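# Residue-level structural notes
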Amino acid sequence: MTDIENRAINTIRFLSIDAIQKANSGHPGLPMGAAPMAYVLWKEFLKHNPKNPEWPDRDRFVLSAGHGSMLLYSLLYLTGYDDMTMEQLKSFRQYGSLTPGHPESNITPGVESTTGPLGQGFSNCVGMAVAERFLAETFNRDNYRIVDHYTYALASDGDLMEGVASEAASLAGHLKLGKLIILYDDNKISLAAPTEVAFTENVEKRFDSYGWQVLNVANGNNDIDAIRNALKKAKGDTEHPTLIAVHTTIGYGSPNKANTSGIHGSPLGLEEVKNTKENLGWPFEPDFLVPVDVIEHYRSAVEAGEKWEKEWKVRFNEYSKKYPELAKKWDLAWTNNLPEGWEKVLPVFSPDDNAVPTRKVSGGVINAVAPVIPNLIGGSADLAPSTNTYMKGIDEQQAATPGGRNIRFGVREHAMGAAVNGMAYHGGVIPFGGTFLTFSDYMRGSVRISALAGLHTIWVYTHDSVWMGEDGPTHQSVEQIAALRAIPNLIVIRPADANETVEAWKFALTYNKGPVALILCRQNLPVIDRAVYAEAKNLVKGAYVLYDPSEGEPDVILIATGSEVSLALEGKELLDQRGIKSRIVSMPGWELFEMQPQEYRDGVLPPAIKARLVIETGVGQGWHKYAGEKGRIIALERFGVSAPYKVLKEKFGFTARLVADEAVKTIEDSKI
Ligand SMILES: Cc1ncc(C[n+]2csc(CCOP(=O)(O)OP(=O)(O)O)c2C)c(N)n1
Ligand SMILES: [Mg+2]
């Protein structure tokens, strides 16, 4: 290692140490141990343009071990990302800074994915690599390789202990994602203890059996030649993803804390900082020291990056002239726009059509738009036939057909979630993933991050209640809708019929400020007569008056979602017979409703009308807000039972009769 290389590596270590010291919180151990591999990757391999972090053909780098965030922030600063100033490094973990405790992609330019929950970043990379390969296959022509980049991650023991990463690694091996390269910081220690207490399998053999190329660096603390050679070899094998196990010492350089578990979640302390600096031949003062020649050394990334992007632009311009149609398609894909007139292919349903499950309608929409939205890509966790997520006549994403858009995620919900997020992080595609609503729990970690990071991902959840029937309570969701609604920035939509389902998809395809979860049913639902009742396009308002009495104020408001909207309509008939005037509100999406102006919301649910009845098959948690003090909720505060759907309807009492009776009760209550 040359002197400048040594000091460049130490600069990462001490920027991290000093920032963590100043913040009085953070994890110094990872940046100290992983600095050499990060240095080699960023200095010699990573193709990126610090002056344009959004350049589409950049290599992706994900710090899956998000607790080592200062490593990434140091690299962004050193290589010249404009927003990552020294001030930001000094504001590590402070309110409003670009340097939060764990990397957040929507806050910090240059951060590719939101990491911290271990296993996520690793698994995102699988989606990124799929997106890269799909786009390359779709757009590259002759000599015009406009998509040609690698996906790198730095992962830790914790990442590889997590099940989600095992699922994702298995999928990546199967798909032969040859441009996916993981640097594994193999330091044999995690937060609370050495890995020997809980993690003793042979990780390298495991990845070998997944179909990965597995390489090894014996001394990751110093041997940057070995790291360099491994990275070269990794890039050379484009048939298999590569895991490079780099053996390091956590907190390398620190005389006391190296190899102990105390290196987590706390700064070294001034005494230890001093000893570590002395140990590695670094002046104790000033802190945040960046030697002039070191920054010059790193800043070669600026010139290199501008050159890469410029060459790419020249290539892209020639390509645009030669393939104007493709270039147009490219622009649409990267600006989050859909081809003009795409809505024309959407189906329209009439009340004369047969009753139909919303999951089936959803499948119809996916299949209708798939040919006109060429960057719609996704699939399900081995439930294509039941979730109706398969795009007929379109290739499958497989090693031999990398242009395929039907992804077989296998029975791996969590990795599906993370990989779909990875595709959204990558850009250029609109990804979706589907499974039974109950199993949204299995992928919740990923769904939460999709909302936090504001990703344009679409979650397709079918079999949305006990009304799925015979499969029984393990498969019947009861609390999942409430649980999804609890996630901020996730738009949950439970359409009431075929036309609302079309509108829900229309919204999901165009909304790009965050994820949308579509909650769809297995059983037949009648198509609501929109000549009599309000139009389905009101769905985007989250709740709307589906029906109102022709004269006078309603005595009661019935609020329902999904399959319970038809039940509310049946209940209304009985109430009509009893001379009670009811308003029916279809409320497919709470979050959408909350986005509407107060005036609109008060128009749908007038504060003066206290007699309200909510109907939803699932726990009632959260509905009190809309039911109000005098209101009532017909919900299901228990697990379901294995039985045919019609039997369950009777047993659980979800009948028009009950709706009418409860409506009468809330009217009485509201008078007290
Ligand atoms: C899903 C998840 N569980 C728990 C944690 C808390 N946590 C932060 S770091 C860490 C372990 C770190 O060990 P390792 O991944 O080996 O990183 P190293 O200590 O070697 O840097 C844990 C459990 C987390 N970030 N994510
Ligand atoms: Mg570790």
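The following refers to the structure shown. (Residues numbered from 1 in each chain as written. Chains lettered and ligands numbered in written order. Predicted model: local features only at pLDDT ≥ 70, side-chain atom pairs only at ≥ 80, totals over all residues. Heavy atoms only, no water.)

### Details of the overall build of the chain
Spelled out, the test is: Note on conventions: DSSP H or I runs of at least 4 residues are helices, E runs of at least 2 residues are strands, and numbering of each starts at the N terminus. Each radius of gyration is computed over the set of C-alpha atoms, and the globule rule expresses the reference value as 2.2 Å times the number of residues to the power 0.38. Think of it in three bands: residues with accessible area under 20% of the maximum for their type are buried, residues over 50% are exposed, and the middle band is partly exposed, with areas taken using a 1.4 Å probe on protein chains only. Residue contacts follow a heavy-atom distance rule, with two residues in contact if any of their heavy atoms lie within 4.5 Å. Accessible surface area values rest on a Shrake-Rupley calculation with a 1.4 Å probe, where residue burial reflects the displayed protein chains alone.
If you tally the helices and strands in the chain, you get 24 helices and 16 strands. Its C-alpha radius of gyration of 28 Å places the chain within 12% of the 26 Å reference for a compact globule of 672 residues. Seen through its C-alpha atoms, the chain measures out along the principal axes to roughly 90 × 60 × 45 Å. For the chain, the proportion of its 672 residues judged to be buried stands at 62%. If you take every contact in the chain between residues at least 6 apart in sequence, the share linking residues at least 24 apart comes to 77%. Total accessible area on the chain stands at roughly 25200 Å², and carbon and sulfur atoms take up 50% of it.

### A closer look at the packing of aromatic side chains
We count it as follows: Two rings from Phe, Tyr or Trp (for Trp, the six-membered ring) form a pair when their centres are within 6.5 Å of each other. A pair whose planes differ by under 30 degrees is stacked, one over 60 is edge-to-face, and the rest are tilted.
Tallied over the entire structure, the rule returns 31 aromatic pairs. Seen in terms of ring centroids, W42 and F61 are 5.4 Å apart; in terms of plane orientation they differ by 80°. Their pairing is edge-to-face. With W42 in helix α2 (residues 29-45) and F61 in strand β1 (residues 60-63), this residue pair connects regions lying 19 residues apart in the sequence. With respect to burial, W42 and F61 carry one shared label: buried.

### Topic: the nonpolar core
Put simply, the test is: For our purposes a nonpolar core is just a set of buried Ala, Val, Leu, Ile, Met, Phe, Trp, Tyr and Cys residues, chained together by side-chain atoms within 4.5 Å.
Ranked by size, the top nonpolar core spans 73 residues in total, and within it F122 and W212 carry the most contacts. Ranked by residues supplied to this core, first place goes to helix α5 (residues 120-139) with 11 residues. Among residues more than four places away in sequence, those in contact with W212 are F122, A169, A172, G173, L180, I182, F207, H240, P241, T242 and L243. Of all hydrophobic cores here, the second largest spans 54 residues; its members include A65, L71, V294 and Y298.

### Describing the sheet that holds strand β12 (residues 544-547)
Which entries qualify depends on this criterion: Think of it this way: DSSP has to see at least two bridges between two strands before they count as a pair. For helices, the fitted axis covers only the stretch in contact; all axes are lines through C-alpha atoms, and the angles between them, taken along N-to-C directions, range from 0 to 180 degrees.
One open sheet accounts for five strands, arranged β12-β14-β13-β15-β16; its pairing is mixed. For this open sheet the edge positions go to β12 and β16 (632-634), each flanked by a neighbour on one side alone. With direction set aside, neighbouring strand axes in the sheet form an average angle of 30°. Note that β12 and strand β14 (residues 582-586) share three bridges and pair antiparallel.

### Comments concerning the pairing of β14
Spelled out, the test is: Here the term right-handed applies to a crossover when the path leading from its first strand over the helix to its second strand runs clockwise, the strands being oriented away from the viewer.
In terms of residue burial, β14 counts as a mostly covered element, since five of its five residues are buried. In β14, alternate side chains face the same way, and those of S582, I584 and S586 on one face and R583 and V585 on the other are all buried. Here five bridges tie strand β13 (residues 556-560) to β14, and the two strands are oriented parallel to one another. Opposite L558, over in β14, you have I584 as the bridge partner. Running through helix α19 (residues 564-577), the crossover from β13 to the neighbouring parallel element β14 is right-handed.

### Details of unusual backbone geometry
Leaving glycine aside, a negative phi is the common case for residues, and trans is the common case for peptide bonds. Of note, the amide linkage connecting E285 to P286 takes the cis form, showing an omega dihedral of -5°. In this fold, P286 is placed in the loop between α10 (270-279) and α11 (292-322). One non-glycine residue with positive phi stands out, namely N24, at about 60°. Structurally, N24 is set in the loop between α1 (3-23) and α2. We classify N24 as exposed; its relative accessible area is 56%. Here D142, not a glycine, exhibits a phi torsion of approximately 40°, which is positive. Looking at the element boundaries, D142 is found in the loop between α5 and β2 (151-156).

### Considerations on the packing of α5 against helix α12 (residues 324-334)
Let me state the cut-off plainly: An angle counts as roughly parallel when it lies under 35 degrees, as roughly antiparallel when it exceeds 145, as roughly perpendicular when it falls between 65 and 115, and as oblique in every other case. Three categories are distinguished: nonpolar for Ala, Val, Leu, Ile, Met, Phe, Trp, Tyr, Cys and Pro, charged for Asp, Glu, Lys and Arg, and polar for the others, with Gly belonging to the last.
Relative to each other, α5 and α12 sit at 155°, their axes nearing to 11 Å. It follows from the interaxial angle that α5 and α12 lie roughly antiparallel. Of α12, the residues touching α5 (which contributes L135, T138 and F139) are L326, K329, W330 and W334. Across the contact of α5 with α12, the residue classes tally to five nonpolar, one polar and one charged.

### Notes on the site of ligand 1
Put simply, the rule reads: Being near a molecule or strand, for a residue, comes down to having at least one heavy atom within 4 Å of it. As used in this structure description, the phrase polar contact means that two N or O atoms lie within 3.5 Å; if the pair is within protein, one of them must be able to donate a hydrogen and the other to accept it, and residues adjacent in sequence are counted only when both atoms belong to side chains.
Close contacts around ligand 1 come from 15 residues, with S156, G158, N187, I189 and H264 the closest. Between ligand 1 and G116, the relevant distance is 2.8 Å, taken from a nitrogen atom to a main-chain nitrogen or oxygen of the residue. One nitrogen or oxygen atom from the side chain of N187 is found 2.6 Å from an oxygen atom belonging to ligand 1. In terms of residue class, the shell around ligand 1 is made up of six nonpolar, seven polar and two charged.

### Thoughts on the packing of α1 against α2
Operational definition: Put simply, a crossing is left-handed when the front helix is turned counterclockwise from the back one by less than a right angle, and right-handed when it is turned clockwise.
Where α1 meets α2, the closest approach of the two axes is 9 Å, and the angle between their N-to-C directions is 125°. Comparing their axes, α2 and α1 come out oblique. In the crossing of α1 with α2, the sense of the turn from one axis to the other is right-handed. Contacts from E5, A8, I9, I12, R13, S16 and I17 in α1 reach P31, M32, A35, P36, Y39 and E44 in α2. Looking at the contact of α1 with α2 residue by residue, the classes come out as nine nonpolar, one polar and three charged.

### Here's the deal with the sheet that holds strand β10 (residues 491-493)
Taken in spatial order, the six strands line up as β7-β6-β8-β9-β11-β10 in an open sheet, and their pairing is parallel. Looking along the sheet, the strands with just one partner apiece sit at the ends: β7 (406-408) and β10. Averaged over all pairs of adjacent strands, the angle between strand axes in this sheet comes to 20°, irrespective of strand direction. Pairing between strand β8 (residues 430-436) and strand β9 (residues 458-462): five bridges, direction parallel. Counted as the bridge partner of T435 is Y461 from β9. Running over the sheet, helix α15 (residues 413-426) touches β6 (376-380), β7, β8 and β9 and is turned about 165° from β8.

### Quick notes on the pattern of salt bridges
What counts is decided by this rule: The rule for a salt bridge is simple: a side-chain nitrogen of Lys or Arg has to be within 4 Å of a carboxyl oxygen of Asp or Glu.
For the structure on display, the rule yields 35 salt bridges. Across the pair R494 and D464 runs a salt bridge whose closest N-O atoms are separated by 2.9 Å. Within this pair, whereas R494 is found in the loop between β10 and α18 (498-510), its partner D464 is found in the loop between β9 and α17 (480-485), the two being separated by 30 residues in sequence. Side by side, R494 and D464 carry an identical accessibility label, which is buried. Across the pair R522 and E470 runs a salt bridge whose closest N-O atoms are separated by 3.8 Å. Of this pair, R522 sits in the loop between β11 (516-519) and β12 while E470 sits in the loop between β9 and α17, placing them 52 residues apart in sequence. By relative accessible area, which is 35% here, R522 ends up partly exposed. It is possible to trace a salt-bridge network through shared partners that takes in E5, E44, D225 and R228.

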